[in-house]
Amino acid sequence: MRTTRSEQLFEEAQKYIPGGVNSPVRAFKSVGGTPRFISKGIGSKMIDVDGNEYIDYIGSWGPHLFGHNPGFIIEALKTAIENGTSFGAPTEIEVKMAKLISELVPSIEIVRMVNSGTEATMSAIRAARGYTGKEKIIKFEGCYHGHGDFFLIKAGSGALTFGVPTSPGVTKGNAADTLVADFNDINSVKNLLHENKNQIAAIIIEPVVGNMGTVRATDSFIKELRALCSQEKIVLIFDEVMTGFRLAQGGAQEILGIKPDLSTFGKIIGGGLPVGAYGGKKEIMEIISPSGPVYQAGTLSGNPLAMNAGFAALTYIKNHPDVYIILEEKSAYLENGIRNNLKSVGKNYQLNRVGSMMTLFFTEEPVTDFNSAVKSNTKLFGKYFHGMLNRGVYLPPAQYEALFVSTAHTKEDLDKTINANLDALNSLK
Ligand code: KE4
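Just so it is clear, the model here is predicted, and its values are computed rather than measured.

Focus on the domain arrangement of the chain
Under the domain assignment, the chain is made up of domain 1 (4–57 + 323–422) and domain 2 (71–319). Of note, the centres of domain 1 and domain 2, computed from C-alpha atoms alone, are 26 Å apart. On the side of domain 2, 23 residues touch domain 1, which itself brings 23 residues to the contact. Of the roughly 1700 Å² buried at the junction of domain 1 and domain 2 (both faces included), carbon and sulfur atoms supply 65%. Of all residues in domain 1, the largest losses of buried area upon contact with domain 2 belong to Tyr324, Val354 and Met357, amounting jointly to 39% of the total for that side. Between domain 1 and domain 2 we count 0 salt bridges in total. For the side of domain 1 that touches domain 2, the element with the highest residue contribution is strand β16 (residues 357–361), accounting for 4 residues.

With respect to the site of the ligand
Neighbouring the ligand are 16 residues; Ser23, Thr118, Asn211, Asp239 and Glu401 lie closest to it. Between Ser23 and the ligand, the recorded distance is 2.6 Å, taken from a side-chain N or O atom to an oxygen atom. For the ligand, an oxygen atom lies 2.9 Å from a polar atom in the backbone of Gly117. Both domains that meet at the shell around the ligand, namely domain 1 (4–57 + 323–422) and domain 2 (71–319), each give it at least three residues.

Observations concerning the packing of helix α13 (residues 378–389) against helix α14 (residues 411–427)
Axis separation between α13 and α14 bottoms out at 9 Å; the angle between their running directions is 135 degrees. Considering the angle they form, α13 stands oblique to α14. Handedness of the α13/α14 crossing: right-handed. Within the contact between the two elements, α13 uses Tyr384, Gly387 and Met388 and α14 uses Thr417, Ala420, Asn421, Ala424 and Leu425. Here the residues of the contact of α13 with α14 are counted per class, giving 5 nonpolar, 3 polar and no charged.

Structural notes on the nonpolar core
Tyr57, Leu334, Leu360, Phe362, Tyr384, Leu395 and Leu425 are the most contacted members of the largest nonpolar core, which totals 34 residues. Secondary-structure elements contributing two or more residues to this core are β3 (53–56), α11 (323–345), β16, α13, β17 (393–394) and α14. With 32 residues, the next largest nonpolar core counts Ala80, Val275, Ala309 and Ala313 among its residues.

Side note on the packing of aromatic side chains
Evaluated as defined, the whole model comprises 17 aromatic pairs. Aromatic side chains Phe183 and Phe221 sit 5.8 Å apart centroid to centroid with 55 degrees between the ring planes, which places their arrangement in the tilted category. Placement of the pair is Phe183 in the loop between β8 (178–181) and α6 (186–195) and Phe221 in helix α7 (residues 219–232), with a sequence separation of 38 residues. Judged on exposure class, the residue Phe183 and its partner Phe221 are both buried. Arranged with centres 5.5 Å apart and planes meeting at 45 degrees, the rings of Phe245 and Phe265 form a pair that is tilted. Residue Phe245 is located in the loop between β12 (235–239) and α8 (251–256), and its partner Phe265 is located in strand β13 (residues 262–266); the two are separated by 20 residues in the primary sequence. Note on accessibility: Phe245 and Phe265 belong to one class, buried. Ring pairs connect the aromatic residues Phe28, Tyr54, Tyr349, Phe362, Phe381, Tyr384, Phe385 and Tyr394, which therefore count as one cluster.

Notes on α13
Residues spaced three or four apart along an α-helix face the same direction, because each turn holds 3.6 residues. An ideal rise of 1.5 Å per residue puts 16 Å on 12 residues; α13 measures up with 16 Å between its terminal C-alpha atoms. When you tally the buried positions in α13, you get 9 out of 12 residues, the bulk of the element. What α13 keeps buried is the set Leu380, Phe381, Gly382, Tyr384, Phe385, His386, Gly387, Met388 and Leu389. Packing partners of the buried residues in α13 comprise β3, β16, β17 and α14. Among the residues of α13, the N-terminal cap falls to Asn377, whose side-chain oxygen and the backbone nitrogen of Lys379 are separated by 3.1 Å.

Details of the sheet that holds strand β18 (residues 403–404)
A sheet is described by the order of its strands in space; here 3 strands give the open sequence β15-β16-β18, paired in antiparallel fashion. The open sheet is flanked by β15 (350–354) and β18, the only strands paired with a single partner.

Details of the environment of Pro260
Along the chain, Pro260 turns up in the loop between α8 and β13. The exposure class of Pro260 is buried, given its relative accessible area of 3%. Along the chain, Pro260 and Lys45 lie 215 residues apart, while their C-alpha atoms are 36 Å from each other. Not counting chain neighbours up to four residues away, the residues in contact with Pro260 comprise Ser107, Arg226, Leu236, Phe238 and Gln253.

Considerations on the layout of surface pockets
By volume, the second largest pocket amounts to about 430 Å³. Lining the second largest pocket are 22 residues, with Glu94, Arg112, Met113, Ser301 and Gly302 sitting closest to its centre. Of all the secondary-structure elements, those providing two or more residues to the lining of the second largest pocket are α3 (92–104) and β4 (110–114). Here the lining of the second largest pocket is built from residues that sort into 11 nonpolar, 9 polar and 2 charged.

Focus on α7
Counted at 1.5 Å a residue, the expected span for α7 with its 14 residues is 20 Å, and the 20 Å between its end C-alpha atoms agrees. Among the residues of α7, Phe221, Ile222, Leu225, Arg226, Leu228 and Cys229 are the ones counted as buried. Viewed along the axis of α7, the buried residues span an arc of 165 degrees, placing them on a single side of the element. In α7, the exposed positions angled more than 90 degrees off the buried face are occupied by Lys223 and Gln231. On its buried face, α7 is in contact with β5 (136–140), α6, β9 (200–205), β12 and α8. Trailing α7 by a residue or two, Lys233 shows a phi angle of about 55 degrees, which is positive.

Reading the values: the criteria
Residues numbered from 1 in each chain as written. Predicted model: local features only at pLDDT ≥ 70, side-chain atom pairs only at ≥ 80, totals over all residues. Heavy atoms only, no water. Domains from an automatic or database assignment. Contact = heavy atoms within 4.5 Å. Buried area = accessible area lost by both parts, 1.4 Å probe. Salt bridge = Lys/Arg side-chain N within 4 Å of Asp/Glu carboxyl O. Helix = DSSP H or I, 4+ residues; strand = E, 2+ residues; numbered from the N terminus. Near = heavy atom within 4 Å. Polar contact = N/O pair within 3.5 Å; in protein donor to acceptor, adjacent residues only side chain to side chain. Axes fitted to C-alpha atoms, helices over the stretch in contact; angles between N-to-C directions. Parallel < 35°, antiparallel > 145°, perpendicular 65-115°, else oblique. Left-handed = near helix turned anticlockwise from the far one by under 90°. Nonpolar A, V, L, I, M, F, W, Y, C, P; charged D, E, K, R; others polar. Core = buried A, V, L, I, M, F, W, Y, C linked by side-chain atoms within 4.5 Å. Buried < 20%, exposed > 50% of the residue type's maximum accessible area, 1.4 Å probe, protein only. Phe/Tyr/Trp six-rings, centres within 6.5 Å; stacked < 30°, edge-to-face > 60°. Expected span 1.5 Å × (residues − 1). Pairing = 2+ DSSP bridges. 1 Å grid on protein atoms, 1.4 Å probe; cavity = no way out; pocket = protein on both sides within 12 Å on 5 of 7 lines; lining within 4 Å. Points joined across faces, edges and corners; volume = space filled by probe spheres on them. Arc of directions from axis to C-beta.

This is the structure we're talking about:
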C-alpha cells in the first residue's frame, strides 16, 4: 500500500504541530507506522491522500452514526451557512435543539450547549460542586472524560485514597480532589465514600465505557451506584459523550434503565461539527450562569452550524427509531463473523460489544474492568491493526478504544471486514 504522501505530510506536520497531530491518538503511537492523512470521507469509506480507500470504523470517534456526509446533514449545513456562521447571540435553533434533546432523553430537563465533550464534563463537575457545596469527585479507572485537569488522574497507591496525576501540568491540588474507584466494583466506591464522608460532590462514569475498550457496567453495579448517590446526596453524572444517541435514542441510560442526575453529550449531537452538551435535573442546572452563580461560558456555544447539523441528526433519529434495529443487525453480523473466525484460528480473544460499539481485546480472559483490559497484548493488537489497515479496514489505532458501526456500512463492507479479520488473525500466527 502506497503511503508516500501521508509520510511527507506527517514529516512536515511534526514541524508545526505537537507530534504532527491535533489529537494524540491520531498519531498511531500505540500501533506504530505512519498515520494516514485523509482527503475524503463518504458513506462508510475514507480515502487517504495516496488514494487508498478504507472501510472506516472510527467514524471520527463516534459522531458519524450515519457514515460520512449523509445528505440530510449536508443539506442542513448548506442552508444554515447561507444565513451566517456565528452570531454570539441566541438563535431559534438552540431552543429547538434543547427541546429535542430533552424530548429524546427523559432525564434532561435543562441543557447547556458547549463546544467539546471535555467542556461538557468539566462544566458538569463544576455544576455538581456548586450545587452540593462539596469538592471531591470520584471517577473510575479506565474511564476517560476528556482532558480536564481533574480527570487526568489515576488511582493512588493502596494507602492513598486520593489520585495521582497521569500528566505533567496537572497539580497535586487537582489530584487531591479526584478519587479513583474500580469500574464494576461497588465496594471500591463504598470504601472511598467511607474514607471521605460527606465530601463527594459527584461520581462521573461512562455507563458503557468506550475508552478502555468497550466494557458495559453490570446491571447490579450501576443500580447500586445510583442508589448510593441518591442516599449520599452525590450527583451521579453519566458521561454519554460517546454513548449518547449511539446506543439508543436515550443512550446508555435508556438501555441500562437508570436515570442519572446529569448527563454529558458530544459527537453525534454535532453531526460531525465541534459540540458538547451537559444537562439534567432543573434544580441542578439552574445553578449555571446566568440563572445561577456557577459560571460557564463559550464564544461558539450553540453556534448555528453545529446546531443545525446536530438537529438534523437528532431529528433523523427521532423520525427513524428503526436506526437502532439496523445498527444492531449490522453490528451483530460483524460480531458473529469475527467470533467464527476466532473459533477457526483457535483463539479465545475477547470481543465485547454493546450495540454498534465493539472492541476485540487481545487477551483470552474476560474484560470487565481496567485491570482485565490491560492484560491485552497491545503489541499483537498493533500487528492486527496494520493487518486490517493494509487490507483496507481502518480500525481505531489503539487497543483501548471502541470501533463504531454506522448505518452506512453495507453487507459487502461487513463481509470484506470479516474476511480481512480472518486473514489478519491468521497472519499473526
Ligand atoms: P472531546 O473533548 O474529545 O470532544 O470529548 C472528550 C470525551 C469525553 N467523554 C468521553 C466518554 C469521550 O469518549 C471523549 C472523547 N473520546 C475520544 C475517543 N476515545 C476522542 C478521540 C480523541 O481524543 O481524539
